[in-house]
Amino acid sequence: MTELYEVYKCEKCGNITVVFHPAAGNLVCCGADMVKQVEKTADQGKEKHVPVIEKTATGILVKCGEVPHPMEEKHYIEWIEVHGGAYYFIKRLSPGEKPEAEFPCETTDVVAREYCTVHGLWTSAK
């Protein structure tokens, strides 16, 4: 059974999906079950991944780590998302961009997540 906002990845082709409608059964891609991505919450090593949420004049700013994450061709933050209550926002990023995103949320009472192409899924939730 899936749960709301879980992230799954196909180990064969690399497809990634987020669950918006939980249900029974397994998510399948390329003839195999997709793998649930574990949300990491604590940095270990020199790259910083845990999302940091800051209030801005127009919403919130999510930065990937207290020290900016590398945004190289083969190692970068692919997307940043925010969810909570009635909110769900996502921004896709590309190599060379700043590893941050601003969202028009009225509250900081949300969960921020980001996906690193090398180190996987990271969350601000404890």
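What counts, and at which threshold
- Residues numbered from 1 in each chain as written.
- Predicted model: local features only at pLDDT ≥ 70, side-chain atom pairs only at ≥ 80, totals over all residues.
- Heavy atoms only, no water.
- UniProt positions renumbered as here; feature names shortened; annotations may be inferred.
- Helix = DSSP H or I, 4+ residues; strand = E, 2+ residues; numbered from the N terminus.
- Pairing = 2+ DSSP bridges.
- Axes fitted to C-alpha atoms, helices over the stretch in contact; angles between N-to-C directions.

### Topic: the UniProt feature "domain: Desulfoferrodoxin N-terminal" (unreviewed entry) in the chain
As annotated by UniProt and renumbered to match this structure, "domain: Desulfoferrodoxin N-terminal" (unreviewed entry) occupies residues 2-36. Between the end C-alpha atoms of residues 2-36 the distance is 9 Å, and the span holds 0% helix and 34% strand.

### A short note on the sheet that holds strand S11 (residues 111-116)
Judged by pairing direction, the sheet is antiparallel, and its 4 strands sit side by side in the order S9-S8-S11-S12 without closing on themselves. Across the chains shown, the open sheet's two edge strands, defined by having one partner strand only, are strand S9 (87-92) and strand S12 (120-123). The average undirected angle you get between the axes of adjacent strands in this sheet is 15°. Inspection of the sheet shows strand S8 (residues 77-84) paired to S9 by 6 bridges, in the antiparallel sense.

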